[in-house]
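A look at the structure
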Amino acid sequence: MAAMHGGAIAAALRNRRNREQQDHLDFYIENESASSAAFRTRKIEGIIQTKMDSTTVALDNVRRKALKHEKQVEGLLAKVDERLARGTHYTNLLAITTFFVLYVVVLFLQRDATLAYSVEASYLDTIIRALPDTGYINSEQDLYDWLQSDIIERVFVDPACGDGICAIPDEYPGFGRFGCQRDCGRYSKTSTITVNLLPYLNYTQDQSDILDPTNTWWDLENQVMQGSTNPEYRFNVYSHTMGEFLLAEDTKVIDEPVVIEVPDGPLTLHLYQQKKMSTLISPNDIYKFTFMDGATLPQRNSSSDFAYGDKREALAAQALIQKQTIDSCFSVPPSDLTDNQLTLCLENPIQDFYFKGMASYGLKGDVKTSNGSKATAVLADVPFCKIYPLGHQGLLNASNKQLAVDNSIPCSVGARRRRSQMTRTSASAEKGTGGGEGGEGGRRLLQAPGACTRHEDCDPNIFDKFTGAPGQFCTIFGYCDACSFCQVDQEDSIDGVCPQEPCPGSGGFPECIDAQAIMKEWECPATYDFEVYKFASKGTPVTVKPPPKDNIRRVTPFNRLVGAVVLTQSRQATGDCRKIANDDVKAFAAGMRCLKKGRDTAPFGRDPVLMPTSSIYDGKLAPEEFYQDSERFRTKIEVEKADGTVVLEDVLTTAIPFFPHGYDQQTGQEKAKDKMFRKRSQHEKFNVYLDSRVTETQAKRMLAFMNEGSFIDGFTKQIDVQMVTFNTNVNLFASLIFTFYWETGGGITWDFKLQTVFVDIYRGAKGQAQLILEIVCVIFLAANCVYEMRDIFIGIRVMKPLQYFMDPMNVFDWFHLIMMWVGWILWALYYQRASTFEMNAAYPVLADPGAKARLFVTDAENEKIFLEFVHEIQSASDALAQYVAVSSICVLLFVIRVLKNLDFQPRMGLVTRTLASATSDLLHFAFLFFIVFFGYAMVGHLLFGHQFEWMKNPGDACVFLFFQLLAFDPTQFWTEMTHAAPAWAFHLFLWSFLLIVFFILFNVLLAILIDAYAMVKAETPEDSESFPGEMKAVMADRLLDMFVSEDKRISDPKFKERLEAHKNGLPSTDVLRDALLTSTAPPDPICLPGGITIDAKVLRQLVKEPDLEGDNRRRSSIRIYDGGGALEEAGEDGEWDGEEEEMVNDVVERYSKLSILDSDKLEQDTLSILQVEHLKRELAMYRCAQRLHDTMSAVEGSIDKLALEHLPPEERTVQDDLLAIQPNVGQGGDKRKRERVRGIVRVTVVEAKKLPKMDILRSVDPYCLVFLTERIGESTTGEVTFRTEEKKADRNPVWNADFELPIMRNSTALTIAMFDKDSISKDDFIGCVHVPLSDLEEWKHTDDWFPIHNPNMPHSRIRRAQLHLKITRLPDASDAPALQAAVNAPLAGIDEEQGFDGFGGSGRGGGGGRGIAASFTSMTQ
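Residues numbered from 1 in each chain as written. Predicted model: local features only at pLDDT ≥ 70, side-chain atom pairs only at ≥ 80, totals over all residues. Heavy atoms only, no water.

Here's the deal with the overall build of the protein chain
Along its length, the protein chain carries 41 helices and 34 strands. Counting the 1421 residues in the protein chain, one finds 42% classified as buried. Counting every atom, the protein chain has about 76,000 Å² of accessible surface; 57% of that belongs to carbon and sulfur. (Helix = DSSP H or I, 4+ residues; strand = E, 2+ residues; numbered from the N terminus. Buried < 20%, exposed > 50% of the residue type's maximum accessible area, 1.4 Å probe, protein only. Areas by Shrake-Rupley, 256 points an atom, 1.4 Å probe, with all protein chains shown as cover.)

Here's what the structure looks like:
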């Protein structure tokens, strides 16, 4: 065993030593395989053929006449195609340019941007410019100020009276404060009324009651009720004819009568109490001065602060009158009082004051008019409101005291008072002024001499100046007084009982009176209706003021407001601040509310008209007149009872004016969701309207209403101010929307959206022309789509639809066409909206444009109509804006398509070819630039975004840096950025950005473009024809084709038809050759560095799972080396299944791409390597030929010697001459024999089955080409090619076609190539069947199904396709004698046999060398 191993090792070492000593060129002789040689030959041939096809050098290397003719036809046909393609290019350029120009013209006709600018610029220069250009406002007050100065004062401007123009309906013939007399004249049909009203303390004694001594009226001065305790009674007259009050302001009651001019019709006198008295006096004080028990006091039954005739107000007002009357009498020294005042104060009991005051609440007087003479007619009589019906008679009428006694009740707890609080010293005691002198001094004037301790101490004969009767009583203070001053027994009399003997009828006045009982039937009307009809019949409607209509409100000159200015608010919901995690911060924020997702839909705000602190407060109005209880806030307030206790009562307070859009404020119900506001989010917004019908004053009042009513508060998220205007001069609507957004950080940003739109389309001659051009545009667009669909259809028919879309320009064209269709669809939608557009003459949104309170109540139906109009305008403007945007993109795409269509022209296509050449570098640059640029944007956002607006988010940072890259301007950022970050960080960021991005990357971009341009420019021939020259030539050809007859000139299309007819309908040799090469050649190998390649056979082994056990066993065996030292193959290849083949092809496709960087460089490198190897192989073959020549010469010499030894001496010289001539004879015979037919192949193409679908519509239209394949060279199809008939739409065609093909010397295999006939594009290659001639035995009949192969088609499609053939190979009978003669000729036979078996040469010496070379050429081919 050891000896055996030793021998094997010795043999291996001996073989290695022999290989080392052998010439390295022997490698090419011993290891050259036919497949590798064929692969290299195909590579060289492909490269050279490509270069030969691109040259125009007049070299004719084609020797065969038929092949030469085919090349001539195909070459000339290519020239014709080139001319036709040039003409087609110019035709396409003309078509796309015409389409482009037509489309631009249509766009200009569809929208006049100049007119639109004239309208929009008026807004840009006025309303929009008034807002800060920073995009921020400081506070909501800035918004109110902007609304005041640039909306209301600009839009809601009433006509100026006195300008000489009577602007009806705002101006009309007037009177008083109505109309404009200066412009429209005076309205003469008016009457004059006189209003004479006075309050109790101003009213003198009624002259009609002078004769009645019981009618005693105080004649007190006006100063009694001056100051804060004056009820300030006012009045006004409402004219139902005018629909307004005749006086601009409520008139304060004065001593003089007020004369008012009134029109005919109903009128109403309105009385008001300007000041709410119930808030100035407590219930206990009311009891002190009115004897009304506090527990029985009526609550205020009107929420109007100016309500006249309220029971609580009447009691409070009269209590204050009593209090101030006492103060006026007893709070000053008697010397300061007039005689009249002194008499009234000292001679009238308190109860007399009381009864008279309780019978004189409010105003007394009348309204009169002249009846044409000095006499006057009373239109309305206004009496005092009397709690005691006869109270004006005071104590003199006993029924007054009796009424008080009848309504007396036991006093409630805390309601009892002392007499001292009601005497003439009460005021001095309370105020501390004039205490002794004014109080007690006054009392002493009536005091009898001496003090008293009982009633008998007083003189009964002293007369009471008030009643005129004698008698006195002893007061509780211990002095005597008149009997009329003893009314309340316990408080007035010294013994608690008023004496009846000296003072009959005294005493008995109750301490407490039931207020509600005594005022049960009390009424005090606040209005008095009357009428005046002097010029019209009674009851006839009278019109003075024209009916209101939609006023002409202009936002800017000629741009009229339509409907109203709409303010829409979105409110942010709030909740607990859950984002705070720190306990200390959470404790600090306890009770605070944070914004959260969602909307706040709760009604909000306060009606400032009903708030006394408001500048637009109107106390005459009551909340219940305008608001339901559910529309008012409820709160608990503290109420003081008569006993002094304070309780909480649930009362209705402020009214809520702002409700969401979905709430109908007129009905108090939810609105039906209209088509614009189907979304709940729209119903949750809050709308207010500044109706165009409101006056300037009312508009300002509305703005004050919003401001003071808290329309903007802490929950406001966004407010949109929207208006629609119409310009009659240019027939344009404008939609303007301002958006104010409250950011959570505290800032208020603003933005605007301004769009113009027109609704009159296709009107007039211009509109008709526009319509025609639009139709032509659509036809052009449809033709483009049909043209592109044709190409797609071709791709689908040949089962290669993706190939069309792999071309980026095809995708670009479709993108352009789709964008254009989108644009036309948008235009159609816009036209649909415009054609169905409807508009009302007016949009009265507000229910009452002159409302006194609740100013923003809308008419739900009119509001819906107006919002539908706004929605239509907004939708139409959006559709037009979208159409303009899309069409603008289409114009840009048009420009690119025009440039693309210029690419064929050498000079005009420089730009597109430059971009195409630089595409790869630009993509790499863009990726690198994006990384660097985005990185700087992120750094800028982090460093400066917290203070610098332009870097507050990454998007803005990118935009800012890009603009700085184009136009560096330090003034825009230097200050802000230096304060936002440390100085060193700012400078590092700035200068590194400039260095890297601007100076380096930007210049790299320029270098890429310049380099690509230089390369493209260098590739462009200097003598290439210019664009005008080519255009001129193409146009000349077109004109000549049109006007020159076909007898004198053949057009290019006609010439092409004739050339194609010369081809007999067969595919070109190049097409067929490529099809055969691709069907027989293995997949391209993977090229690795160092010239190493991996073919499909090796790759098939590598993709399999390795056999580790077998590998280990082989590694341990010496048989790992064969004779040449190569690795042993694992076994035979066997058949490949479809999946394995697809997997190998996929790997080759993926990894072969990695080795292809530049096709030109790759071809040049491959050609250089193959040339070097080819030189080595030629040298090796030459050396082999030398060795063989030496060997054969030696053999020949030996044979000659043997032959000469057997010849007679006299024949040796002749034989030498014959031997010398014999090689030439043999050589010429061999050449003739190679051109002779070597046999015949009879072929019957019977049928095929299961062919793949090549066309999506017609399946497959197969036909076959039958020929004998020669060695790969200039021709592959041999001398004769036959064609079967075409079978329409048949995947299982039957032909039964018989053919006979001559077998030439170079014929190697029988080939049947199958094609699919295509009438649109070139015929598609289905596959082929190869039958080697070496597999066919003479006289043997072969009848079999052969698989059809096509490596370029997925295996799943072609794997089941088969072709049924019947083949018989026959020898050529005419060649039998020649063959026999060749056998009989020894030398020639030997040479011929050698040439047949392998070397293919004849003769000796040089002939042998040529035979070897020819054999090598055949093998490599």
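What about the packing of aromatic side chains?
Within a pair of aromatic rings, the relevant descriptors are the distance that separates the centres and the angle that separates the planes. Inspection of the entire model under this criterion finds 67 aromatic pairs. Between tyrosine 762 and tyrosine 831, the ring centres sit 5.3 Å apart and the planes meet at 50°, which makes this aromatic pair tilted. Placement of tyrosine 762 in the loop between strand S24 (748–757) and helix H21 (764–797) and of tyrosine 831 in helix H23 (residues 808–835) is noted, with a sequence separation of 69 residues between them. On the accessibility criterion, tyrosine 831 (35% relative accessible area) is partly exposed. Relative to phenylalanine 963, the ring of phenylalanine 962 lies with its centre 6.1 Å away and its plane at 70°, an arrangement referred to as edge-to-face. Taking NZ or CZ as reference, arginine 571 lies 3.6 Å from the ring centre of phenylalanine 604, over its face. (Phe/Tyr/Trp six-rings, centres within 6.5 Å; stacked < 30°, edge-to-face > 60°. Lys NZ or Arg CZ within 6 Å of the ring centre and 35° of its normal.)

Some thoughts on a positive patch on the surface
There is a patch of like positive charges on the surface, built from Lys1250, Lys1253, Arg1291, Arg1359 and Arg1360. Relative to the helices and strands, lysine 1250 resides in the loop between strand S27 (1239–1249) and strand S28 (1262–1270). (Patch = residues over 30% accessible without salt bridge, like charges linked within 9 Å, V, L, I, M, F, W, Y side chains within 5 Å. Salt bridge = Lys/Arg side-chain N within 4 Å of Asp/Glu carboxyl O. Lys, Arg positive; Asp, Glu negative; His and termini not counted. Charge placed at Lys NZ, Arg CZ, Asp CG, Glu CD.)

Some points on the pairing of strand S21 (residues 686–691)
Walk down a regular strand and you will see the side chains alternate between the two sheet faces. Counting buried residues in S21 gives 6 out of 6 residues, a clear majority hidden from the surface. Neither face of S21 is left uncovered, since the one carrying Phe686, Val688 and Leu690 and the one carrying Asn687, Tyr689 and Asp691 both have all their residues buried. Examined bridge by bridge, strand S15 (residues 564–575) and S21 share 6 bridges and lie antiparallel to one another. Paired with threonine 568 across the bridge in S21 is asparagine 687. (Pairing = 2+ DSSP bridges.)

A look at empty space enclosed by the protein
Counted under the stated rule, the structure contains 8 cavities of 30 Å³ or more. There is about 70 Å³ of room inside the second largest cavity. Lining the second largest cavity, in full, are Phe659, Pro660, His661, Tyr663, Gln665, Lys671, Asn687, Tyr689, Phe856, Thr858 and Glu863. For the lining of the second largest cavity, the residue count by class is 5 nonpolar, 4 polar and 2 charged. (1 Å grid on protein atoms, 1.4 Å probe; cavity = no way out; pocket = protein on both sides within 12 Å on 5 of 7 lines; lining within 4 Å. Points joined across faces, edges and corners; volume = space filled by probe spheres on them. Nonpolar A, V, L, I, M, F, W, Y, C, P; charged D, E, K, R; others polar.)

Some words on the pairing of strand S34 (residues 1362–1370)
Across the 9 residues that make up S34, a large majority, 7, are buried. As defined by bridge partners, S27 adjoins S34 across 9 bridges and the pair is classed as antiparallel. Pairing of lysine 1249 across the sheet is with glutamine 1362, part of S34. Where strand S33 (residues 1341–1347) lies against S34, 7 bridges are found, and the strand directions are antiparallel. For histidine 1341, the partnering residue across the bridge sits in S34 and is threonine 1368.

So, the sheet that holds S27
With antiparallel pairing, the 4 strands of this open sheet are ordered in space as S30-S27-S34-S33. In this open sheet, the two edge strands, each paired with only one partner strand, are strand S30 (1294–1303) and S33. On average, each strand axis in the sheet is inclined to that of its neighbour by 20°, with strand direction left out of account. (Axes fitted to C-alpha atoms, helices over the stretch in contact; angles between N-to-C directions.)

Some details on the packing of helix H8 (residues 283–290) against helix H9 (residues 311–330)
One can describe the packing of H8 onto H9 by two numbers: an axis separation of 9 Å at closest approach and a directional angle of 65°. For the pair H8 and H9, the crossing hand works out as left-handed. Across the interface between the two elements, Pro283, Ile286, Phe289 and Thr290 of H8 pack against Arg312, Leu315, Ala316, Ala319, Gln322, Lys323 and Ile326 of H9. In terms of residue class, the contact of H8 with H9 is made up of 7 nonpolar, 2 polar and 2 charged. (Left-handed = near helix turned anticlockwise from the far one by under 90°. Contact = heavy atoms within 4.5 Å.)

Description of the sheet that holds strand S29 (residues 1281–1283)
The strand order across the open sheet built from 4 strands is S29-S28-S31-S32, with neighbouring strands paired in antiparallel fashion. Whereas interior strands pair on both sides, the edge strands pair on one side only; in this sheet they are S29 and strand S32 (1324–1332). In this sheet, adjacent strand axes meet at a mean angle of 20° when their direction is disregarded. Looking at chain direction, strand S31 (residues 1307–1316) and S32 are connected through 8 bridges and run antiparallel. Directly across from aspartate 1316, in S32, lies its bridge partner aspartate 1324.

So, the state of the cysteines
Here, the word disulfide means a covalent bond between the sulfur atoms of two cysteines. Summed over the entire model, instances satisfying the criterion amount to 8 disulfides. Each disulfide pairs two cysteine sulfurs, and for cysteine 161 the partner residue is cysteine 180, the sulfurs being separated by 1.8 Å. Of note, the bridge from cysteine 161 to cysteine 180 carries an S-S torsion of about 90° and is right-handed in sense. Here cysteine 180 lies in the loop between helix H6 (140–155) and helix H7 (181–184) and cysteine 161 lies in the loop between H6 and H7, a separation of 19 residues in the sequence. Overall, cysteine 161 belongs to the partly exposed group, its relative accessible area being 31%. (Disulfide = S-S within 2.5 Å.)

Scope: geometric values only; no functional claims are made or implied.
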